[in-house]
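An overview of the molecular structure
Take a look at the letters that make up each chain.
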Amino acid sequence: MFENFPLFPDQVSASAGKVDALYAFLVIVTIVFSVLIFTAVLFFAVRYRRRKQGELAKTVHSSLKLEIVWSVVPLILALIMFGWGADLYFEMWRPPTEALDVFVVGKQWMWNLLHTEEGQKELNTLHVPLGQKIRLTMISEDVIHSFYIPAARVKADVLPGRYTRLWFEPTKAGEYHLFCAEYCGTKHSAMIGKVIVMPPVEYERWLSGGAGSEPLDVAGERLFGQLGCQSCHGAEGNQRGPSLAGVFGSKVQLQDGRVIVSDENYIRESILNPKAKIVAGYEPLMPTYEGQVSEEQLIQLISYLKTLDEKDSN
Amino acid sequence: MNATAHHSESGGHGHHPQPGFLRKYVFSLDHKIIGIQFLLTTLVFFMVGGLLALAVRWQLAWPWQEMPVIGKMLFSDTGNVISPEFYTMLFTMHASVMIFFVVIPMLIGAFANFCIPLMIGAPDMAFPTLNMLSYWFFWPAFLIMGYSFTVEGGAAAAGWTAYPPLSTIETAAPGSLGGQTWWLVALIFVGISSMMGSVNYITTIIKMRAPGMHMFRMPMTVWAMFITALLQAFALPVLTAALAMQLLDRTLQTGFFNPAGLVVNNVTVATGGGQPILWQHLFWFYSHPAVYIMILPAMGIVSDVLSTFARKPLFGYRPMVYSVAGIAGLGFVVWGHHMFQSGMNPALGATFMVSTMMIALPSAIKTFNWLGTLWRGNLIFTSAMLFAVGFISVFAIGGLSGIFMAATPIDIYIHDTYFIVAHIHYVLMGGSAFGIFAGIYYWFPKMFGRTMNESWGKVHFFGTFVAMNCTFFPMHVLGAAGMPRRLADPYHYETFAHLKDLNIFITISALVLGGFQVIFALNFIFSIFGGEKADRNPWRSNTLEWVAPSPPPHGNFETTPIVYRGPYEYASPEVEEDYLPQNVPTPGAAPVPGAAI
């Protein structure tokens, strides 16, 4: 009846094996305790059942020694699980410094995947090169979705209004499933996709082969001009807004005294809700661009701003 | 002590005027009648929730196939099969009904009401009118939730967790048209009702204990109800506020939860400026403690039943009390483990991880103390005892599978898969429901003056135990294989095609599980009218409710009982019988009530 029944999907990421090792440890601990408890329940139920009227139980109220044993042993095991789990959790969360960036825009009920190179865009399929770290920056246009690749043991919610991150390093070529894990409405179960892991050479061929459109940063630059951003933020403009050269990843001093690191979320917020965080020394003059730029265009603008540093220094 | 057992039951009515039918059975102020009202109502909803679950299971085993008989009646406009819209509504309403209309009101409506005054030796609750209102405030919720099925788009379909923006934006899901609004209103009524109950229980336990009933002479059931009431009183306002905020977001276009610039179903949403994650924090700040609200009273009931039928003191009474308090306290600082994958800062995530891991400690203390209670006992396997012993085993699985959710890297993998579904059902069906069944078999004689049929009770237990494990254990396997929950059709993915046989097995087990509950329902109904007559103390138990007549009259006790000892003096060397009730003076000692207080 249950032939070909894999209990676990393939391991195709660098961290999958580590997740499964911790999982195996938890399975062993739970089996040991379950067997212990079941055996005790069954043994006591048979051994101490009432056989004839008038028998008396042995009166034992408590035992400090036993209480200490069954408090300390679970405590030690819990701390081991915590230490092991936390270590792996931090490792899986910390984004790699050198990685291939892919942007993800989720909507009911599809995934839009935007590659930074060659202007490649995909729907519901993600091509990635083998052996390279892939960093996904994700946002939703509507409700909450969740980007889930079981084979890579990774999952992260895709929220509206805020970028979330996910990274993985594919270690085996092939086709793997991509799910939306967070219930997102009527056709949630049809929000399916796949991840195709290819050897780097094939990946390069795929990347240049398809009907690529404008690269993200080029589209961003064009949009930057169309929206008139440079009239305030450009070097030749009226300088009413701060210069955006090198702004990405830099520390920004705000009017209220806070210093924040400028990341994707900060830039996105500054375009849609400019009055939320005012840069020190500037007036809150910028109008909102809410409703005028799509999530995809926001990603293009962010990609363009990321390149400004290099272009200016050239 | 049973010399007075058969004295006229009307004797207890002496100091209370006899109310008319309506005041006695409908708008009653008597905590026992209110408790039984809660019990009967929630049992009906248990059936409703169960049928919703079976419909969910039908779709997972035989997707898009016509349901025999019912299919033609319910789904004639969608070709006699469940539509995806209907499926999403099914699992939303199954969870909502089971959690808010069954388990919570059953444990802290029915059992807390019936047991607390009787077990502490009080004539009634501290605020009888408030108590009556707490029951009647449930009815608007029942009616509104029922009505919501008839509005355009049908009942709520955003999951019982109701995450915005899916729940707040009308175009996001059919159930988000009007159904979601009514869902919110209904749950606000439930919240008000539960709050009235909690205030009443806390006050009653603090102020109305019989002479000599020190806090550390209270049975575990009362301790668990007390701590649960505190837990509820502090956690529930947060949910009620969140429900009100979501209601405002939906009706007055406020912007608590909807972020700016959403385009849902090609419609630009006008409101914005909110944080969808805020809802998750507020929701889980209540709904994680809610899991303990649903399990702690069951743990209390099981402790009392175990000690009674092991004819032996509860092992480690004080550690048991402290561990209930420990679970409740930790319950307030673990809600974030529902949100590990929502983009949470790992420093915060690790904090939630360690606090969640620590829950293992009081849970282990409780489990091993229950085993200690069985150890060298003299076990009598009544139906109540079977469910209590069954509780230890199935709760152990539910508790142990919880550490998979505490360990973040594992949780990130299994989050939103069937592993979670397996875990919550082991805790709620194996834990809460087994505790509820133990409690019903145990207190039925006190409620109705008759015992339930023990043979059918045992059939009910063994059938439920086997079918329950066959239904929910394989769900761990589905989850570990990566099958997400809340999918109308998992076989969209060819990778899950091989899971279909297992899903069919689960569905058949669930049908069998439902069938055994029919046996319980018939036993329950027939025993009310035709069960064997019970005396005051059919189980030879120590606690105070067994001092009162069965069923106790309005006002409970003929004379206020005086308490001389803790609740678990079974097999005491001081007496010949194997039990020594709390209200019986120590043999040989001078019966000076004042000295014992």
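Basis of the calculations
- Residues numbered from 1 in each chain as written.
- Chains lettered and ligands numbered in written order.
- Predicted model: local features only at pLDDT ≥ 70, side-chain atom pairs only at ≥ 80, totals over all residues.
- Heavy atoms only, no water.
- Helix = DSSP H or I, 4+ residues; strand = E, 2+ residues; numbered from the N terminus.
- Rg over C-alpha atoms; globule rule 2.2 N^0.38 Å.
- Buried < 20%, exposed > 50% of the residue type's maximum accessible area, 1.4 Å probe, protein only.
- Contact = heavy atoms within 4.5 Å.
- Areas by Shrake-Rupley, 256 points an atom, 1.4 Å probe, with all protein chains shown as cover.
- Lys, Arg positive; Asp, Glu negative; His and termini not counted.
- Charge placed at Lys NZ, Arg CZ, Asp CG, Glu CD.
- Pairing = 2+ DSSP bridges.
- Axes fitted to C-alpha atoms, helices over the stretch in contact; angles between N-to-C directions.
- Core = buried A, V, L, I, M, F, W, Y, C linked by side-chain atoms within 4.5 Å.
- Domains from an automatic or database assignment.
- Buried area = accessible area lost by both parts, 1.4 Å probe.
- Salt bridge = Lys/Arg side-chain N within 4 Å of Asp/Glu carboxyl O.
- Patch = residues over 30% accessible without salt bridge, like charges linked within 9 Å, V, L, I, M, F, W, Y side chains within 5 Å.
- Disulfide = S-S within 2.5 Å.
- Parallel < 35°, antiparallel > 145°, perpendicular 65-115°, else oblique.
- Left-handed = near helix turned anticlockwise from the far one by under 90°.
- Nonpolar A, V, L, I, M, F, W, Y, C, P; charged D, E, K, R; others polar.
- pLDDT = per-residue confidence, 0-100.
- Phe/Tyr/Trp six-rings, centres within 6.5 Å; stacked < 30°, edge-to-face > 60°.
- Lys NZ or Arg CZ within 6 Å of the ring centre and 35° of its normal.

Let's talk about the overall build of chain B
Assigned secondary structure in chain B consists of 18 helices and four strands. Relative to the globule expectation of 25 Å for 597 residues, the C-alpha radius of gyration of chain B, 24 Å, shows essentially globular dimensions. Within chain B, the proportion of its 597 residues that are buried is 66%. Intrachain contacts of chain B at a sequence separation of at least 6 include 79% that bridge at least 24 residues. Carbon and sulfur atoms form 70% of the exposed surface of chain B, whose accessible area is close to 18,800 Å². For chain B, the distance from the average site of its 24 positive side-chain charges to the average site of its 25 negative ones is 8 Å.

Some words on the sheet that holds strand β3 (residues 121–123) of chain A
Residues and elements named next belong to chain A. On the basis of which strands lie adjacent, the open sheet formed by five strands has the order β3-β2-β1-β5-β8 and mixed pairing. Among the strands making up the open sheet, the edge pair consists of β3 and β8 (164–168). Put simply, the sheet's adjacent strands are angled 25° from each other on average, direction ignored. Relative to β8, strand β5 (residues 134–140) runs antiparallel, the two sharing five bridges. Residue pairing in the sheet places Ile-134 in a bridge with Phe-168 of β8.

Observations regarding the nonpolar core
Counting 271 residues, the largest nonpolar core has Leu-136 and Phe-147 of chain A together with Phe-101, Phe-111 and Ile-440 of chain B as its most contacted members. Looking at this core, the element that brings in the most residues is helix α4 (residues 84–120) of chain B, giving 26 residues. Ile-440 of chain B has contacts with Leu-39, Leu-43, Phe-111, Met-452, Phe-520 and Phe-524 of chain B, leaving out every residue within four places of it along the chain.

Let's talk about the sheet that holds strand β4 (residues 125–129) of chain A
Residues and elements named next belong to chain A. Spatially, five strands are ordered β4-β10-β9-β6-β7 in an open sheet, and the strand pairing comes out mixed. This sheet does not close on itself; its edge strands, each paired only once, are β4 and β7 (154–158). If you compare each strand with its neighbour and ignore which way they point, the axes differ by 20° on average. Sheet topology note: the strand β9 (residues 174–180)/strand β10 (residues 192–198) ladder contains six bridges and is antiparallel. Residue pairing across strands places His-177 opposite Lys-194, the latter belonging to β10. Packed onto the sheet, helix α3 (residues 200–209) meets β4 and β10 and runs at close to 130° relative to β4.

Looking at the domain arrangement of chain A
Residue and element names in this part refer to chain A. Domain parsing of chain A yields domain 1 (100–208) and domain 2 (216–307). With centres defined by C-alpha atoms, the gap from domain 1 to domain 2 works out at 26 Å. Tallying the contact residues gives 16 residues for domain 1 and eleven residues for domain 2. The junction of domain 1 with domain 2 conceals about 1,200 Å² of combined surface from both sides, 57% of it contributed by carbon and sulfur atoms. A per-residue breakdown of the area domain 1 buries against domain 2 is headed by Phe-103, Leu-114 and Tyr-163, which together make up 47% of the total. Linking domain 1 with domain 2 are two salt bridges, by the criterion used here. A salt bridge links Glu-296 to Lys-121; the shortest N-O distance between them is 2.8 Å.

Quick notes on a positive patch on the surface
A surface patch of positive charge is lined by Arg-47, Arg-49, Arg-51 and Lys-58 of chain A together with Arg-376 of chain B. Locating Arg-47 of chain A in the fold gives a position in helix α1 (residues 16–47). According to the relative accessible area criterion, Arg-47 of chain A is partly exposed, its value standing at 42%.

So, the side chain of His-233 of chain A
Here His-233 of chain A shows up in helix α5 (residues 230–233). On the accessibility criterion, His-233 of chain A (18% relative accessible area) is buried.

A closer look at the side chain of Asp-20 of chain A
Residue and element names in this part refer to chain A. In this structure, Asp-20 sits in helix α1. Taking the relative accessible area as the measure of exposure, Asp-20 reaches 12% and is therefore buried. Excluding anything up to four places from it in sequence, Asp-20 contacts Phe-8, Gln-11 and Arg-153.

Digging into the state of the cysteines
Throughout this description, disulfide means a covalent bond between two cysteine sulfur atoms. Evaluated as defined, the whole model comprises zero disulfides over all chains. Considering cysteine sulfurs only, Cys-232 of chain A is the nearest to Cys-229 of chain A, which forms no disulfide, with 9.0 Å between them.

Digging into the packing of helix α2 (residues 31–61) of chain B against helix α15 (residues 418–448) of chain B
Residues and elements named next belong to chain B. Between α2 and α15, the least distance of the axes is 13 Å, while the angle of their chain directions is 150°. As judged from the angle between their axes, α2 and α15 are roughly antiparallel. As for the relative orientation of α2 and α15, their crossing is left-handed in sense. Contacts between α2 and α15 involve Ile-36, Leu-39, Leu-43, Phe-46, Arg-57 and Leu-60 from the first element and Tyr-418, Phe-437, Ile-440, Met-447 and Phe-448 from the second. For the contact of α2 with α15, a count of residues per class yields ten nonpolar, no polar and one charged.

Some details on the confidence of the model for chain A
Taken over all residues, the pLDDT of chain A has a mean of 88, while the share at 70 or more is 95%. Segment residues 310–314 of chain A is flagged for pLDDT under 50; beyond a separation of four residues in sequence, or across chains, it makes three contacts in the model.

Remarks on the pattern of salt bridges
All names here are of chain A. Considering all chains together, one arrives at 18 salt bridges over all chains under this definition. Here Asp-256 and Arg-258 are joined by a salt bridge, their closest N and O atoms 3.2 Å apart. On the basis of relative accessibility, which here comes to 51%, the residue Asp-256 falls in the exposed class.

A few points about the environment of Trp-279 of chain B
All names here are of chain B. Here Trp-279 shows up in helix α9 (residues 276–310). Under the relative-accessibility criterion, Trp-279 is labelled buried at 0%. Linking Trp-279 and Leu-239, residues 40 residues apart in sequence, is a C-alpha distance of 9.4 Å.

Brief notes about the packing of aromatic side chains
All chains considered together, the criterion is met by 72 aromatic pairs over all chains. Aromatic side chains Phe-309 of chain B and Trp-539 of chain B sit 5.4 Å apart centroid to centroid with 75° between the ring planes, which places their arrangement in the edge-to-face category. Here Phe-309 of chain B is found in helix α9, whereas its partner Trp-539 of chain B is found in the loop between β4 (532–533) and α18 (593–596), with 230 residues between them in sequence. Taking relative accessible area as the criterion, Trp-539 of chain B reaches 12% and is therefore assigned buried. Feature note: the residues Phe-46, Phe-387, Phe-434, Phe-437, Tyr-441, Phe-444, Phe-448, Phe-461, Phe-462, Phe-465, Phe-520 and Phe-524 of chain B constitute an aromatic cluster, connected by ring pairs. The lysine or arginine in question, Lys-155 of chain A, covers the ring of Tyr-148 of chain A, its NZ or CZ lying 4.0 Å from the ring centre. Taking the ring centre of Tyr-491 of chain B as reference, the NZ or CZ of Lys-500 of chain B above it sits at 5.4 Å.

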